[in-house]
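If you want the building blocks of each chain, they are given just below.
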Amino acid sequence: SDGGDGGESMEIVPGTAPGFPPFEFNDDSGELVGFDIDLLSAVVEETDYTLADWEEFEFDSLIPALQNDRIDVIAAAMTITEDRQETIAFSNPYYNADQAILVPAGGEFQPSSLDDLAGQTVGAQEGTTGAGVIESELVEPGDVQQSNFRTYGNYVLAVQDLENGNVDALVIDQPVAQTFADQRDVEIAFVYETGERYGFGLRQGESDVQSALNEGLQAVRESGQYEEIRNEWFGG
Ligand code: GLN
């Protein structure tokens, strides 16, 4: 160990937003589990830092929590975007994803492109790239009215609304859409390719933590741990 930077704690407080299976969710006993939980733990194991207890927030509150020093790292399937990079930094990418359009299983409404969502009610979790797709591709062009754009604190509530017929379609990260499709009465209508990459969110200017996590990430890839964790949560 290099002893840290002038006596500051070498403990990292991780923050996440459960309700996004299989990346982070509460299991039947209420325990926080998932791919991100296992991956960040394995990554930090490879560094001189230690991981404190997880703090849970709604997705939209994670960046403010990071900026207010309530947490030190975000592990929440967060896409690296230029917008977010104006306020926070990211680790190297650790997972790729596109968006998927989720509809009630076996229903009459079977859209095959964003055009088919014109005039419908559509929803997403607040502050996500999925919500961004609805905003820029459907609401701004006028295909979906602002009043027909439903936002949710988390996707579990959104999926409930979809099952109950209160919203016609959701836009949500494809791997999570697939998990909900496996567990709930919903299905993927089509995938909308966005080429997103997830990174751990960090405060700007903390290059020590950033390099440590990037080196840890590389170590867990090389050791085969990354693949083990991926297989555990995604099968294969
Ligand atoms: N990847 C998406 C985003 O960054 C959704 C993340 C999430 O809902 N946890 O906006």
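Residues numbered from 1 in each chain as written. Predicted model: local features only at pLDDT ≥ 70, side-chain atom pairs only at ≥ 80, totals over all residues. Heavy atoms only, no water.

*Asks:* Go over the packing of helix α1 (residues 35-45) against helix α7 (residues 207-222), please, and point to the residues and values.
*Replies:* Across the interface, α1 lies against α7 with an axial gap of 8 Å and an inter-helix angle of 105°. Of the possible angle classes, the one that applies to α1 and α7 is roughly perpendicular. Here α1 contributes Leu 39, Leu 40, Ala 42, Val 43 and Val 44 to the contact with α7, which in turn contributes Leu 213, Gly 216, Leu 217 and Val 220. A class-by-class count of the residues in the contact of α1 with α7 yields 8 nonpolar, 1 polar and no charged. (Axes fitted to C-alpha atoms, helices over the stretch in contact; angles between N-to-C directions. Helix = DSSP H or I, 4+ residues; strand = E, 2+ residues; numbered from the N terminus. Parallel < 35°, antiparallel > 145°, perpendicular 65-115°, else oblique. Contact = heavy atoms within 4.5 Å. Nonpolar A, V, L, I, M, F, W, Y, C, P; charged D, E, K, R; others polar.)

*Asks:* Which residues make up the site of the ligand, and what values go with them?
*Replies:* Every residue lining the ligand is accounted for by Phe 20, Phe 59, Ala 76, Ala 77, Met 78, Thr 79, Arg 84, Gln 125, Thr 128, Thr 129, Asp 173 and Tyr 198. At 2.8 Å, a backbone N or O of Thr 79 approaches an oxygen atom of the ligand. Here an oxygen atom of the ligand sits 2.8 Å away from a polar atom, N or O, in the side chain of Arg 84. For the ligand, whose unbound accessible area comes to 300 Å², protein coverage reaches 100%. Shared between two domains, the shell around the ligand holds at least three residues of each, these being domain 1 (11-94 + 199-234) and domain 2 (98-196). (Near = heavy atom within 4 Å. Polar contact = N/O pair within 3.5 Å; in protein donor to acceptor, adjacent residues only side chain to side chain. Areas by Shrake-Rupley, 256 points an atom, 1.4 Å probe, with all protein chains shown as cover. Domains from an automatic or database assignment.)

*Asks:* Lay out the pairing of strand β9 (residues 95-104) in plain terms, naming residues and giving numbers.
*Replies:* On any regular strand, side chains alternate: one points to one face of the sheet, the next to the other face. In terms of burial, β9 is a largely internal element, 7 of the 10 residues being buried. When β9 meets strand β13 (residues 186-198), the two strands line up antiparallel, connected through 9 bridges. In the sheet register, Gln 99 faces β13, and the bridge partner there is Tyr 192. Pairing of β9 with strand β12 (residues 169-173) involves 4 bridges; the strand directions are antiparallel. Looking at β12, one finds that Gln 99 is bridged to Asp 173. (Buried < 20%, exposed > 50% of the residue type's maximum accessible area, 1.4 Å probe, protein only. Pairing = 2+ DSSP bridges.)

That is the geometry; function is a separate question.
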